[in-house]
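Observations on the three-dimensional arrangement
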Amino acid sequence: MELSIIFTGNLAKYIQIYEEIKHAIITKKLLAHEQLPSKRALALTLNVSVHTIKEAYEQLLAEGYIYSKERSGYFIAPFEFDWLQQVPQHVSVPSNNIPNNIQFDFTNGHVDNEAFPYAAWHKLIKKHFNSNNLSTSPWEGETTLRTEIARYVERSRGVSCDASQVFIYSGTQSQLQALCHFLGSATRVGLEEPGFKRVRAVLQQCGLSTEAIPVDYSGVTLPATPIHMLYTTPAHQFPLGMIMTIERRVALLQWANSNAGLIIEDDYDSEFRYKGLPIPSLAKMDQLQRVIYFGTFSKTLLPSLRISYMILPKSLVVPFMTFQHEQKSVVSKVDQLVLADFLAQGLFDKHLAKMRTIYRKKQQALLTAISTHFSNEFQVIGEKSGLHIVIKLPQHLTESRAIQLAQEVGVQVYPCSTSYQNGANETMIIIGYGGLTLQQIDEGIALLASVWQ
C-alpha cells in the first residue's frame, strides 16, 4: 500500500494524515482488513516523524476506523454499512435574512450592550459557579429568585403576590407554551390586532384558536366575540406603542369578571416610560384575580440572558403546579442565583435608573433626527415609552419598497404588516433604537431620508 499526501500549512500534519486515511477508508479505496504501512515506513515515505504517524494512527484507532494486532501492525476495520453516501462539496451556512452590507440595524430586539454592568455580573457568577450549584433548579424556578421578583413587581408595578405565584421561564414564548398546554386546546384566545406575531405563532402551534381584537388610540378594544382569554400589552402596545388608558383598563377588567375570562398582561418593556404619569398595571388594579402577569429581563438586562417570569392568580397555582410537576427547569441555576443576588443587592434598580437615562437620550436623538431629516409626510407614533417607535409612511412609499431602499444604503428596518392577522390598512415601519449609539441613530436616519423622500 502506498499513501501519497500533499501537506498544506492550514492543519497539523498528523491531522492531515488522519483525514486522508479516513477519507480513503470511507470511500472504500482502502478495504477491510488491508494492512496499513508501519509507522516507521510511512514516516519515511511522507518525510515526517514517527511520532506524527503515531498520533494519526491513534486517532483512527480511537474512532474505530482501524484496528491493531499485536506484533503485526494496523489494519482497516470492516464496516457493515456505508459511512458516507456522498462527500459534500459545499457547506451551507444558515441565513439570518439580513444582507451583509447592513451598517445600521434598527431592530427593536437589541439593547445597549456597552452599558451592561459586566464587572458586577461577573463577580456574582464567580460567587455562584461552584460544585454546590451544578444541579438543576426546581422546574418552577429558584426560590430566592421568585422571592426577589415578587418584591420587585410590588415596588415597581404595585403587584402584590407571593413567591409561590411566580414561575421562571426562558422567555415569553416558553412560558406561553406552558400556559397553553395547561389551559388546553379548547381555549379561545383574543390577540391584539396588530400584535406580537410570535405570540400568535405559539398559540397556533399549541392548537389554540385565536381571534383578532382591534386596537384603537386607547389600546385593545373590548372583545366582541366569545373568548376565554385575552393577550394584551397595555403599558406599551406592540407594535403601535399606545399606552392603554385607565378607562379601557377598567372596562377590560369588568369584561374579564363578567365573562369569567383571563387576561395575560405582557409588561415586556414597561420599565421605560418617557412621558406622562405612570398608569397602574392591570395586575395591580385586579390584584391578580383574573390577570396573568408576564415580565422579562430581556429589555432591562440582556436578551441572551433568557430569563422571564409569569405570575399566576392564586386560584391557578395549585392546578398549574400539579399539571407541570414532571417538567424540568428551562433556565440555568447559576443564572437564576446571580440574578436573584443582583436584585437583592439593589444592583438591578441602579442599572435600571442608568438605562432609563441612556434610552431617553437615544429616543430624543431619534426623534430629533427624524424631525431634522424628514418632512411632515412621515408621522411618528408610539414614542411615549419602550425601545421602538413606528413611522407611518406616505402613500407613495410601500412597505416592501421602503425596506428595499433602506437595505440598499446599509440600513435595516422592519415591517409592521407582519404584526397583523387580517392585513394592515396603513403602511408603517418599526424603528428600534436600543442597540445603536447616538451617532449611529443620526447617520442611519439621514440615510433613510436620502432614499425615502
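Residues numbered from 1 in each chain as written. Predicted model: local features only at pLDDT ≥ 70, side-chain atom pairs only at ≥ 80, totals over all residues. Heavy atoms only, no water.

For the rest of this paragraph, the subject is the sheet that holds strand S11 (residues 308–311). Pairing between the strands of a sheet comes from backbone hydrogen bonds, and it takes one of two forms, parallel or antiparallel. Ordered in space as S4-S11-S10-S9-S8-S5-S6-S7, the 8 strands form an open sheet in which the pairing is mixed. The open sheet has two free edges, formed respectively by strand S4 (166–169) and strand S7 (219–220), since each of these has just one partner strand. Relative to strand S6 (residues 209–216), strand S5 (residues 188–193) runs parallel, the two sharing 6 bridges. Within the sheet, the bridge partner assigned to leucine 191 lies in S6 and is alanine 212. Here helix H5 (residues 143–157) sits on the sheet in contact with S4, strand S9 (262–266), strand S10 (291–296) and S11, set at roughly 110 degrees to S4. Here helix H10 (residues 314–324) sits on the sheet in contact with S4, S9, S10 and S11, set at roughly 45 degrees to S4. (Pairing = 2+ DSSP bridges. Helix = DSSP H or I, 4+ residues; strand = E, 2+ residues; numbered from the N terminus. Contact = heavy atoms within 4.5 Å. Axes fitted to C-alpha atoms, helices over the stretch in contact; angles between N-to-C directions.)

Under the counting rule described, the total for this entry stands at 12 salt bridges. The residue lysine 22 makes a salt bridge to glutamate 19 at a minimum N-O spacing of 3.5 Å. Here lysine 22 and its partner glutamate 19 are both found in helix H1 (residues 13–26), 3 residues apart, which amounts to about one turn of the helix. Among the ionic pairs, aspartate 162 bridges to lysine 314, the shortest N-O distance being 3.4 Å. With a gap of 152 residues between them, aspartate 162 in the loop between H5 and S4 and lysine 314 in helix H10 connect regions that are remote in the sequence. A residue is classified by how much of its surface remains accessible, and aspartate 162, at 38% relative accessible area, is partly exposed. (Salt bridge = Lys/Arg side-chain N within 4 Å of Asp/Glu carboxyl O. Buried < 20%, exposed > 50% of the residue type's maximum accessible area, 1.4 Å probe, protein only.)

A word on the side chain of glutamine 336. With respect to the helices, strands and loops of the structure, glutamine 336 is situated in helix H11 (residues 333–344). A relative accessible area of 0% means that glutamine 336 is categorised as buried. Within the structure, glutamine 336 has its side chain in polar contact with the side chain of serine 137 (distance 3.4 Å). Side-chain polar atoms of glutamine 336 contact the backbone oxygen of valine 331, separated by 3.2 Å. (Polar contact = N/O pair within 3.5 Å; in protein donor to acceptor, adjacent residues only side chain to side chain.)

The next thing to look at is the nonpolar core. Of all hydrophobic cores here, the largest spans 87 residues; its most connected members are Tyr309, Val413 and Trp452. Per-element tally for this core: the top contributor is helix H12 (residues 347–373), with 7 residues. Setting aside residues no more than four positions away along its own chain, valine 413 makes contact with Phe106, Ile403, Ala406, Ile429, Ile430, Ile431, Leu448 and Trp452. Ranked by size, the runner-up nonpolar core spans 26 residues in total, among them Val189, Leu208, Ile292 and Phe320. (Core = buried A, V, L, I, M, F, W, Y, C linked by side-chain atoms within 4.5 Å.)

A few words on the state of the cysteines. Inspection of every chain in the model, using the stated rule, returns 0 disulfides. Free cysteine cysteine 180: the closest other cysteine sulfur is in cysteine 206, separated by 4.3 Å. Since its relative accessible area comes to 2%, cysteine 180 is described here as buried. (Disulfide = S-S within 2.5 Å.)

Relative to the helices and strands, valine 220 is located in strand S7. Those residues in contact with valine 220 that sit more than four places away from it in its chain are Glu192, Ile213, Pro214, Val215, Leu230, Thr232, Met244, Arg248 and Leu252.

The next subject is the packing of helix H4 (residues 118–128) against H11. At their nearest, the axes of H4 and H11 sit 9 Å apart, and the two run at 125 degrees to each other. Between H4 and H11, the angle is such that the two are oblique. Viewed along their axes, H4 and H11 form a crossing whose handedness is right-handed. On H11, the residues touching Trp121, Leu124, Ile125, Lys127 and His128 of H4 are Val334, Leu337, Val338, Leu339, Asp341 and Phe342. (Parallel < 35°, antiparallel > 145°, perpendicular 65-115°, else oblique. Left-handed = near helix turned anticlockwise from the far one by under 90°.)

Looking now at helix H8 (residues 246–259). Think of an α-helix as 3.6 residues a turn; residues three or four steps apart then line up on the same face. Helix length check: H8 (14 residues) gives 20 Å between terminal C-alpha atoms against 20 Å at 1.5 Å per residue, within 8%. Turning to H8, its buried residues are Arg248, Arg249, Ala251, Leu252, Leu253, Trp255 and Ala256. Where H8 is buried, its residues meet S6, S7, strand S8 (229–232), S9, helix H9 (282–286) and S10. After H8 finishes, the residue alanine 260 shows a positive phi value of roughly 50 degrees. (Expected span 1.5 Å × (residues − 1).)

Across the protein, the average pLDDT comes to 91, with 95% of residues at 70 or higher. Within the protein, helix H2 (residues 39–46) has the poorest average pLDDT of any element, 89, and S4 the best, 98. (pLDDT = per-residue confidence, 0-100.)

Direction of pairing for strand S1 (residues 66–69) relative to strand S2 (residues 73–76): antiparallel, over a ladder of 4 bridges. Counted as the bridge partner of isoleucine 66 is isoleucine 76 from S2.

Further remarks concern the packing of helix H13 (residues 399–408) against helix H14 (residues 438–452). Relative to each other, H13 and H14 sit at 120 degrees, their axes nearing to 9 Å. Taken together, the axes of H13 and H14 are oblique relative to one another. H13 and H14 meet at a crossing whose hand is right-handed. Two secondary-structure elements touch here, H13 through Ala402, Leu405 and Ala406 and H14 through Leu448, Val451 and Trp452. Class assignment of the residues belonging to the contact of H13 with H14 gives a composition of 6 nonpolar, no polar and no charged. (Nonpolar A, V, L, I, M, F, W, Y, C, P; charged D, E, K, R; others polar.)

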